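# Observations on the three-dimensional arrangement
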Amino acid sequence: MKTIKSFLWLLFFLLPIVASAQELAPVVQNVNNAKDVPGLMQVRSQLERFMVAQPEQWLAGYYLAYVDVQLSFRVPSSDEKLQYLSEAETYLNKLSGFKEVDKSELYTLKGFRLYALIASNPQANGPKYSGEIVGAYETALGINPNNPRALILSALFKNDLAKFMHQPYVNFQKDVEKAASLFTVQNTNLLTPTWGKYWVDFAITKK
Amino acid sequence: MKRICILILLSFAGELNGFAQLHTVEGKVLNEKSNPMAHANVFIKGTIDGATSDSLGHFSFETGQKGVITLCVRMLGYAEFLMPVSEKKSTALVLKMRPDNITLDNVVVTAGNFRLKGNSQFGKMSAVDIVTTAGSTGDLYHSLRTLPGAQMVGESGKLFIRGGDSNESQTYIDEMHVLSPYTTTGDNVPVRGRYSPFMFEGINFSTGASSSEYAQGLSGILALNTKDASPVTKIGVNVSSVGMSGGGTQAFEKGSVSVNLDYQNMKPYYALFPGRLNWINPYQLFSGSSQIRFNPNQSTVFKTFIGYDRTTFIQQLTSLDNQTTRDFGMKDDNFYLNSTFQKTTESGYKVFAGAAFSYKNEQIDNAVLSADSYRDKEWEVHLKTKLTKRYTDFLRLNVGLEDFIRHDETTYAYSSTVHSDSINHSIGAVFATAVLNISSNLYAELSERMEYTSINNLWNSNPRLALSYNLKGVHFSGIIGKYTQLPENKYLMLNKYLLTGQCMQYVGGMYYEKRDKIYRIETYYKTYKDLALQESTVLTSDGYGHSKGVDVFFNERALFKNFEYMLAYSYSLSKRKYQDYTELSTPQYATTHNATVSIKYNIQALKSILGVTNRFASGRPYHDPTKEGIMNSTAGFYNSVDMSLTYLASKKVILYASATNLLGRQNVYNYNYSVDVNSPGGYRKTPVIDSSTHFFYIGIFITLSGKTAYDVSNF
């Protein structure tokens, strides 16, 4: 009887959390499916609403930063690109203060934002941020060597750097294969970051 | 048990009840010009009920929220819009957005440069920009001389801005004053900055009408900001044609500690490339610096920087009058400590507090005559605190207090005669700035600085008004401001009642920046009064003068692929009656025309960045004692073609090489004359020229740690 009582109390308190997590799950799915600016704006609004309503949830802010980075690749104006990347930086900085945040994922996204900054103006930002990107991915992989996003983005960036230096990046193939296998086993039903498989496909076509 | 079940069932029922009685929230989102806004996020605050506006600004969604709800609209670049809406009046809503007040946080209204943080490139340089500019020889101040407004005074190396003297430009690190930002050098050897450009995240160069927050700079301000956080642990070393350095950063979860040691010795360089100067002991510099950063949370930053350096050299100098030689021996110790605290509170206040201590001890043997000695011991304490708060969407206020406590003592000894002098004084100030967002494209900055100088017991008011108007991406701006500065210590020691020098500045400009292009034109007019004037043996504050001119700047980062160019031109007319210029005349350091053409080409096939800079300046005036009047002659023009090459040997190794004055032109800056007209042949005339025709620098930068690449900064 006592066990049932405890279970019911637990259910009572966990109900809103479980419910909100369930509401966030389809939004996260939408992030992975959004391909154009209107789609990303739609999902951005949903995430923003989650973030305002449940500020203690790190994943909404994390994905909001990710969507901002994605938008920076797609909007044509350089001012808008910088606005989105600046907004993403604000969210990422806030996330650093969350105890439960997945730090490996956080550093990966930080690196990815810097990559977007380089893409917005390669000539000016390339020399400025290359070192920092490598550092961010290395830190992410130091925390979790099986983070597929950090692995594939790091491999792609190092490969590009190596090409620039007219040198081969010998681990490229191995890293891509490892990332691909990690993506296939990642649990997309859990409320954790799941983006990035596109980059494995991109790396395979690039070979 | 029953009661618990009922409670839980009720909570479910509540949820279901909410879904059962939905009502519609519907309307339109418009911008400040009443045009529809697409992609605005409209939602009920505290819930996830909401929608995104379509291309016509329409939105519509259903909610189960009862009573009066708070509708929230968010859109990047616009201020958050909040409106209470009752259940009965939740349709046909018209929501009007205004441009983002966050922008107001980042507005800096400067002449010709309406700069939003992070968006502008002009005046906000990176260390990479600096070292890859040919002619900079990796030095901050040398690089700044390629920008418009800065004048070419090759034998000095210091910053001379828009007809102003070098001591009228001040350097600040993290908003705290640096008493002695330049290294100590020998006769006609240009100084360098004491601090590596790689230490700084932001390098903001203001050539005039600078913020009232900065004190004692009649001409310009160089505001340097160190990194708030250095999250990557790294180690690096470098060896160059002038010395070696090494250091690194240890990053922690909530902060970092960086250390750098530097040793320079010009002996091997002079053995390879002897110059025109005679060295008994060539220039040597040892310096060490450290920075501790602590970020207990996202909104708080503590930073402490400590730097010490010691310079020694002995240079043989020859007297123009009697051709005797003396060994000019220099020992200079310099210490700088800077500690700052910044916090943004939850209520939006930005709090800043800082303290800085600068100490300089200079000892010169055989300074003016053989067997004399000169000592100068100077220190300054700078304390500052300020509070910034955005009160409304249209008003940001910044108020602060600061105090400079200064001490300077000099001793000159020759034979049995010893002459000592010293001064102790302070400068206290209170400043306030209001930034007003008058409309979406018109900003105004109104500020006042009240300053009290204890040495002459005077209060000075420095009001300033700046306006900036944005017309389709072209920024027009105008500033009127008053600036004050105490005379140099050498004059204050002679007369403690000298007035504080004053300068009125009128600046107007136009500025356009688009992705890879920056165009800027700016004109200025400055009047000076109450400057120190030495006439015969009388020292007064009767000096005055003016300076006027135009600065032009073009920079295109992608004219062709991998190619960048910069054009800077300054026209300046400056006249002063001050110091020992007893007639209104153009000071010796002032040049009418200054031009720089600088290109950078990224040669990807060679993994290299090539930089070429051509600098030109019209001839400088000088005083020929054999002619009537003062400043009665003009030296030849200045020209130097400089080149630099940055080679990325690997992601851990970078090679940097630079050479100045490739054409080998002998630039004459001035002429020195013997004092005694009766010396053989009358006045003996010697040109003031560079200590060597060329300067070559080659350095290798090696990153030793695993997590960094292409990073030559140990900080």
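Residues numbered from 1 in each chain as written. Chains lettered and ligands numbered in written order. Predicted model: local features only at pLDDT ≥ 70, side-chain atom pairs only at ≥ 80, totals over all residues.

### Overview of the pairing of strand β26 (residues 458-471) of chain B
Side-chain positions along a regular strand alternate between the two faces of the sheet. All names here are of chain B. In terms of strand pairing, strand β25 (residues 442-453) meets β26 through 12 bridges, oriented antiparallel. Among the inter-strand pairings, Tyr443 is bridged to a residue of β26, identified as Ser468. Here β25 folds back onto β26 in antiparallel fashion, the turn holding 4 residues, of which Asn457 has a positive phi close to 55 degrees. Sheet topology places β26 next to strand β27 (residues 474-485); 8 bridges connect them, and they run antiparallel. Pairing of Leu465 across the sheet is with Ile480, part of β27. (Pairing = 2+ DSSP bridges. Helix = DSSP H or I, 4+ residues; strand = E, 2+ residues; numbered from the N terminus.)

### Here we look at the domain arrangement of chain A
All names here are of chain A. Each domain of chain A was delimited in the assignment, giving domain 1 (12-95) and domain 2 (102-207). Put simply, the middle of domain 1 and the middle of domain 2, counted by C-alpha atoms, are 20 Å apart. Residue-level contacts link 21 residues of domain 1 with 14 residues of domain 2. Counting residues per element, the ones that place at least two in the side of domain 1 that touches domain 2 are α1 (2-33), α3 (58-74) and α4 (78-95). Of all the elements, α4 adds the most residues to the side of domain 1 that touches domain 2, at 8 residues. A class-by-class count of the residues in the side of domain 1 that touches domain 2 yields 16 nonpolar, 3 polar and 2 charged. (Domains from an automatic or database assignment. Contact = placed C-beta atoms within 7 Å. Nonpolar A, V, L, I, M, F, W, Y, C, P; charged D, E, K, R; others polar.)

### What about the environment of B:Phe404?
Residue and element names in this part refer to chain B. With respect to the helices, strands and loops of the structure, Phe404 is situated in strand β23 (residues 395-414). Counting along the chain gives 270 residues from Phe404 to Ser674, while the straight-line C-alpha distance between them is 40 Å. Contact partners of Phe404, with chain neighbours within four places excluded, come to His177, Glu380, His382, Ser426 and Ile427.

### Overview of the domain arrangement of chain B
Domain annotation of chain B identifies domain 1 (18-100) and domain 2 (106-703). Look at where the C-alpha atoms of domain 1 of chain B and domain 2 of chain B centre, and you get two points 52 Å apart.

### A word on the packing of α3(A) against α4(A)
Residue and element names in this part refer to chain A. Between α3 and α4, the shortest axis-to-axis distance is 8 Å and the interhelical angle comes to 160 degrees. Judged on the interaxial angle alone, α4 and α3 are roughly antiparallel. Crossing hand, α3 versus α4: left-handed. Along the contact surface, α3 presents Trp58, Gly61, Tyr62, Leu64, Ala65, Asp68, Val69, Leu71 and Ser72, while α4 presents Lys81, Tyr84, Leu85, Glu87, Ala88, Tyr91, Leu92, Lys94 and Leu95. (Axes fitted to C-alpha atoms, helices over the stretch in contact; angles between N-to-C directions. Parallel < 35°, antiparallel > 145°, perpendicular 65-115°, else oblique. Left-handed = near helix turned anticlockwise from the far one by under 90°.)

### Here's the deal with the sheet that holds strand β5 (residues 69-74) of chain B
Residue and element names in this part refer to chain B. Read from one edge to the other, the open sheet built from 4 strands follows the order β3-β2-β5-β6, with strand pairing classed as antiparallel. Looking at the sheet topology across the chains shown, the edges are occupied by β3 (50-52) and β6 (81-85). Strand-to-strand twist of the sheet, defined as the mean angle between neighbouring strand axes without regard to direction, takes the value 15 degrees. Bridge analysis of β5 against β6 gives 5 bridges, and the strand direction is antiparallel.

### Side note on the environment of B:Gln216
All names here are of chain B. Assignment of secondary structure puts Gln216 in the loop between β13 (200-206) and β14 (220-226). Linking Gln216 and Ile280, residues 64 residues apart in sequence, is a C-alpha distance of 38 Å. Those residues in contact with Gln216 that sit more than four places away from it in its chain are Gln170, Gln485 and Leu486.

### Concerning the nonpolar core
In this structure, A:Tyr63, A:Ala65, A:Val67 and A:Ile152 are the most contacted members of the largest nonpolar core, which totals 56 residues. Broken down by element, the residue count for this core peaks at 11 residues, all from α3(A). Composition of this core by domain shows at least three residues from each of domain 1 (12-95) and domain 2 (102-207) of chain A. Within the second largest apolar cluster, 50 residues are counted, among which are B:Tyr141, B:Met176, B:Ile221 and B:Met566. (Core = buried A, V, L, I, M, F, W, Y, C linked by C-beta atoms within 7 Å. Buried ≥ 20, exposed ≤ 12 C-beta atoms within 10 Å, placed from the backbone.)

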